[in-house]
Amino acid sequence: MATKRVLLVICSLIGLFLIFFGCRKPCTKNHYDFNGTSVFSPEKDGINIGDTIWFNSIISIKNLDTKSNQIIDYSGASNVSTQINFNTANSTDPTIGSIDSFKFIKGKGEISINTNFPQASMAVTYVEEKDNYLLSFGIIAIKKGVYVITEVDLENSYKKCSDAYVTITLNNINKHQHYLDSTYYPNSPYGNTIPLIVQTHSYCFKVY
Amino acid sequence: MKKLHLKYPPLVLILLVIFSCTKMDLKKDRTFETDNTLLPGWSKAQLTSADFIPQDGDSIERITTLGVKLTNPYLIPNMQQAYTNLGLSSSLATITNKYVRFKPTVAQLAALDSTMDAQGLELFDTPVDYVVTYEGDYYQDPSIPDSLPTWQYAVVPTNFVFPSGIIYEILAQIHIPGDNYTAIETEAERLASLQDSLNGGGSAPSGLKGGVQPNSASYCDPCFVWDPIARECVPIGNGCGTNPPPPAVDAAIPAGYIYVHDTNLNTDIGVRKVRVVARRWFKVDRTYTDNAGHFVCTKKFKHKVRILERFKNDDARIYGVRGWRLYQMLFPVKRTLGIFSGTKNNLNLFNNQAGPINSKANRYWAAATTHNAVQEHRDYAGQFSFSVAPSAMNIFITNWAALEGLASTPLFHKRVIQNIPTSFINTFLASQVISASKLVPFFAIVNVDMAIDYHTTLARFTSDWLKETDYHEMSHASHFTKAGTAWYNQFVTAELNQIAAHTGANDPLNPYGSSNTPDAPIIALGEGWAYHMGHFLADQRYGVNATCTDEGQFQYCPSNPPPLVAHPHTNVLEFYIPTLSSDPFHWIPKGLMEDLIDNGEPVQFTQVNDLVLGLTTSQIFSALQSDVTTVSQYKTRLLQQIGNGQLNNINNLFTSYGY
């Protein structure tokens, strides 16, 4: 009887070992393509110094993967991050930053200076809340000028072995992109017309 | 409370062993599986022999099984009889060749293959004088353990000098008739009662005088007449011609096209400059495809003939990383395309994708695609005036790298470096299945110049995806040609340092490290060039037909919402953001060289001040000189070479990239 028990225990232990360590379990790597939206409000062509513009962005956790056309539950992802660029819209060098023209009010998620380009770029991270990843913050205008704010899409948001790209569409009806006419015009070295990726990701306004 | 009674613990244990997890298909399966599913592109009509149906849609490597030993029809007495039966002198049956076999050690195998190669001779793992009861993917002599090379069979000329130190046996002294005397082959095989000769229409009644070529009624010389039984032209006698008519392209000469499916263009394109080997018994013919994938053998094979493709030529050899029978890694990837009878001069042979990513079909497809990419890169080097990659590259394809699609061009072979770091093997060649220490001895024999991982999802397993990687790596090799060994030593050392420092597959700094290491400057330069060229050339080839692509930032697709310009391989360079904080490798200037060439910039998106216009690929390549090891030095050299043209704009552009 004792021998039988010993045998049972040994076999059980070996069996458990095989179950957990028998071979390397393959990790299924998927690449997802999701969509999210952002909006600036109020949607005004011009504001005054001291006025606040709010930025709100939302990415649904149960998101449609445009590759597979399936709804994917992407909760618990890491690196739901990107950057938002702040530039002057009417200077000869459109890469001139304008971070110092605003004060920032924290809302949902994290926002901090992008050390790779501190004059022009903020690093942002969405926060997971209920059914969505959310990002929001306010900007208070402190200097006069013409500005363009561009949210970059999200790349490589990881979840286990999988990763996701999230295309952010700016939902503002009027993005006031006539302010970019000084950059993009016929025979401009930056191009004759506003690139589509800028058309869909950039929001302009003037601070009086 | 219920108790679980385990009456048969050992039985349960056995079941657990069997079902605890899905085993990878590393080991051979000696079981013949009756899966007759044909790959796309094959038709049963094309495979006129029932002996061979490709079963490449899985990863199982099936062993060839042999039956009884056949009577060798090519021995001298039998050949003498064949000549006599056809009214010719038996004295013609002289010894022309030796049928031999070698038993090389692992260390000798590649050298033997190379020696034979240089003399136009081929090695085969299967003896030719046995009935093949099942045509598999390889043969291993039962007397030799799987871990050691099996006997290698060959047909050599009588004056062949055997390589010293390699065990060999002369199995037979044989006579192979001249190519215009296939009737002699037919008669000899008939005398030896070989069934497939008889089935192949080669029955030659005794008394026929001098059966000759060609084998078609419409091609018979005026002095010859078509014999419907022998199915060949025979002389009409009376002194009207005693010599065979001149050889002509006929049904007995294997010819046709070898294709690889291009998933983007949805068409089959020719596999360029791939070696084609035709063999029947001791008659072996070797040729190469042309740029259209067309091949024409020079010898006639009246009966069944085996056609193989071997992914090797003077420019590159494509090897496959293996997890079992490792010595087979020392041969370039090879594949039996079929055994053909009847008309053989219009064959259409395909390398198509099939089955899971690790299937044999997908390995052949990846080998064929990479094989073509080598040729295309050489063409592009001429078109855009940059240096071609070195010749005789050893390229290993694998699906076991640490990350999908990883690739590297250390040029260990070209630089004569024997000690491949374990971290390199684990990262680029075989991270998941086999310990590096087991592979090291094999790479010491056939050393790695380039490693290409093709493991990915089937949706991503496309021609442009793989070729972009191939072009990227080939462009590193071009940089080697330009900058020389000393520069490349420094470059590879820098990358290996960072690979060793970041070995984990989930380490975000794998494989380049961070921007502040001493290795980063040369990595930034070398990779900046290669990323540019990989996508630039992929766009040249595929343009709007490309699939989605990315380089650690965003994915660009032909049909992206919103509709970007539909050139994913240009977009991925043009929309590269050198300041993107979430990209750990943003410091590699992947879009810089595209910005030097192109016009326009989505500046609000990329934050790149690009007012530089119209440099050429030749100009951007010329500055990659041997003493240029950083991006800043590159900028200085580039400006020197173009006479400081666009000075401010170039300075501003490099500043946008952080240099």
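Residues numbered from 1 in each chain as written. Chains lettered and ligands numbered in written order. Predicted model: local features only at pLDDT ≥ 70, side-chain atom pairs only at ≥ 80, totals over all residues.

**Examining the overall build of chain B**
- Regarding its fold elements, chain B presents 16 helices and 19 strands.
- Out of the 659 residues in chain B, the part that is buried amounts to 49%.
- Of the contacts formed within chain B by residues at least 6 apart in sequence, a portion of 71% connects residues at least 24 apart. (Helix = DSSP H or I, 4+ residues; strand = E, 2+ residues; numbered from the N terminus. Buried ≥ 20, exposed ≤ 12 C-beta atoms within 10 Å, placed from the backbone. Contact = placed C-beta atoms within 7 Å.)

**Notes on the overall build of chain A**
- Looking only at helices and strands, chain A features two helices and 15 strands.
- When each of the 208 residues of chain A is scored for burial, the buried share is 37%.
- Relative to all contacts within chain A whose residues are 6 or more apart in sequence, the contacts with residues 24 or more apart total 71%.

**Regarding the environment of Asp163(A)**
Residues and elements named next belong to chain A.
- Mapped onto the fold, Asp 163 is located in strand 14 (residues 162-170).
- Judged by the 18 C-beta atoms lying within 10 Å of it, Asp 163 falls in the partly exposed class.
- Residues Asp 163 and Lys 206 lie 43 residues apart in sequence; the distance between their C-alpha atoms is 38 Å.
- Contact partners of Asp 163, with chain neighbours within four places excluded, come to His 31, Asn 156, Ser 157 and Tyr 158.

**Quick notes on the confidence of the model for chain B**
Residues and elements named next belong to chain B.
- Chain-level statistics for chain B give a pLDDT mean of 84 and a share of 83% at 70 or above.
- Low pLDDT (under 50) marks residues 198-219, which in the prediction has 77 contacts with non-local residues, meaning those over four places away or in another chain.
- Note that pLDDT drops below 50 for residues 242-248; the model gives that stretch 13 contacts with residues more than four away or on any other chain.
- Across the predicted assembly, pTM comes out at 0.84 and ipTM at 0.79. (pLDDT = per-residue confidence, 0-100.)

**With respect to the sheet that holds strand 2 (residues 97-103) of chain B**
All names here are of chain B.
- Taken in spatial order, the three strands line up as 4-2-5 in an open sheet, and their pairing is antiparallel. Only two strands of the sheet have a single partner each, and these edge strands are strand 4 (152-157) and strand 5 (167-174). Along the sheet, successive strands turn relative to each other by an average axial angle of 25°, direction set aside.
- Sheet topology places strand 2 next to strand 5; seven bridges connect them, and they run antiparallel. Paired with Asn 97 across the two strands is Ile 174, which belongs to strand 5. (Pairing = 2+ DSSP bridges. Axes fitted to C-alpha atoms, helices over the stretch in contact; angles between N-to-C directions.)

**Quick word on helix 16 (residues 647-656) of chain B**
Residue and element names in this part refer to chain B.
- Listed in full, the buried residues belonging to helix 16 are Ile 650, Leu 653, Phe 654 and Ser 656. Within helix 16, the buried residues cover an arc of 155° as seen down the axis, which keeps them to one side. Turned more than 90 degrees away from the buried face of helix 16, the exposed residues are Leu 647 and Asn 648.
- Structurally, helix 16 contributes buried residues whose contacts are with helix 12 (592-597) and helix 15 (631-641).
- Trailing helix 16 by a residue or two, Gly 658 shows a phi angle of about 90°, which is positive. (Arc of directions from axis to C-beta.)

**Notes on unusual backbone geometry**
- Cis geometry is adopted by the peptide bond preceding Pro42(A), which originates at Ser41(A) and carries an omega value of 0°.
- Structurally, Pro42(A) is set in the loop between strand 1 (31-41) and strand 2 (46-47).
- At the junction of Asn510(B) and Pro511(B), the peptide bond is cis and its omega measures out at 15° in the coordinates.
- Within the secondary structure, Pro511(B) is located in the loop between helix 9 (463-501) and helix 10 (520-542).
- Residues other than glycine seldom take positive phi values, yet Ser193(B) does so here, at roughly 60°.
- By the element assignment, Ser193(B) lies in the loop between helix 4 (182-191) and helix 5 (195-199).
- Positive phi outside glycine occurs at Arg325(B), with the angle close to 45°.
- Of note, Arg325(B) is situated in the loop between strand 14 (316-320) and strand 15 (334-340).

**Points about the sheet that holds strand 18 (residues 407-408) of chain B**
Residues and elements named next belong to chain B.
- The mixed open sheet is built from four strands, whose spatial order is 14-17-19-18. Strand pairing shows two members of the sheet lacking a second neighbour, strand 14 and strand 18, which therefore form its edges.
- Looking at chain direction, strand 14 and strand 17 (residues 393-398) are connected through five bridges and run parallel. Bridge pairing in strand 17 links Ile 318 to Ile 395.
- Here helix 6 (residues 360-384) sits on the sheet and contacts strand 14, strand 17 and strand 19 (450-453); the angle it forms with strand 14, its principal contact strand, is near 160°.

**With respect to the nonpolar core**
- With 144 residues, the main nonpolar core has Ile395(B), Phe396(B) and Leu429(B) as its most contacted residues.
- With near-sequence residues (within four places) excluded, Leu429(B) lies in contact with Val321(B), Phe396(B), Thr398(B), Trp400(B), Ala401(B), Leu439(B) and Ala451(B).
- Counting 58 residues, the second largest nonpolar core, distinct from the first, contains Tyr126(A), Ile139(A), Leu180(A) and Phe575(B). (Core = buried A, V, L, I, M, F, W, Y, C linked by C-beta atoms within 7 Å.)

**Thoughts on the environment of Lys312(B)**
All names here are of chain B.
- Looking at where Lys 312 falls in the secondary structure, it is placed in the loop between strand 13 (305-310) and strand 14.
- You can call Lys 312 buried: it has 22 C-beta atoms within 10 Å.
- Along the primary structure Lys 312 and Phe 331 are separated by 19 residues, whereas in three dimensions their C-alpha atoms are 9.5 Å apart.
- Not counting the four nearest positions on each side in its chain, Lys 312 is found in contact with Arg 275, Arg 317 and Pro 332.

**Looking at the pairing of strand 9 (residues 121-125) of chain A**
Residues and elements named next belong to chain A.
- Among the five residues of strand 9, four are classified as buried, and the element is accordingly described as predominantly covered.
- Summarising the sheet, strand 6 (residues 81-88) and strand 9 pair through five bridges and their orientation is antiparallel. Residue pairing across strands places Ile 84 opposite Met 122, the latter belonging to strand 9.
- Of the strand pairs in this sheet, strand 8 (residues 110-113) and strand 9 are connected by four bridges, and their pairing is antiparallel. From the neighbouring strand, Ile 111 faces strand 9, where its bridge partner is Val 124.

**Focus: helix 4 of chain B**
Residue and element names in this part refer to chain B.
- The buried fraction of helix 4 is high, at eight of ten residues.
- Among all positions in helix 4, only Thr 182, Ala 183, Ile 184, Glu 185, Thr 186, Glu 187, Ala 188 and Glu 189 are buried.
- At the C-terminal side of helix 4, Ser 193 shows a positive phi close to 60°.

**Concerning the environment of Phe295(B)**
Residue and element names in this part refer to chain B.
- On the secondary structure map, Phe 295 appears in strand 12 (residues 294-296).
- Taking the C-beta count within 10 Å as the criterion, Phe 295 has 24 such neighbours and is therefore assigned buried.
- Other than its neighbours up to four places away in sequence, Phe 295 contacts Ala 255, Gly 256, Ile 258, Val 276, Thr 287, Tyr 288 and Thr 289.

**What about the packing of helix 6 of chain B against helix 9 of chain B?**
Residue and element names in this part refer to chain B.
- Taken N-terminus to C-terminus, the directions of helix 6 and helix 9 make an angle of 50°; their axes are 9 Å apart at the nearest point. Relative to helix 9, helix 6 is oriented oblique. In terms of crossing hand, the pair formed by helix 6 and helix 9 is right-handed. For the pair helix 6 and helix 9, contact is made by Ala 366, Thr 369, Thr 370, Ala 373, Val 374, His 377 and Ala 381 and by Ser 463, Leu 466, Lys 467, Asp 470, Tyr 471, Met 474 and Ser 478, respectively. (Parallel < 35°, antiparallel > 145°, perpendicular 65-115°, else oblique. Left-handed = near helix turned anticlockwise from the far one by under 90°.)

**Focus on the confidence of the model for chain A**
- Per-residue confidence for chain A gives a mean pLDDT of 86, with 86% of residues at or over 70.
- Confidence over residues 15-26 of chain A falls short of pLDDT 50; this stretch has 14 contacts with residues more than four positions distant or in other chains.

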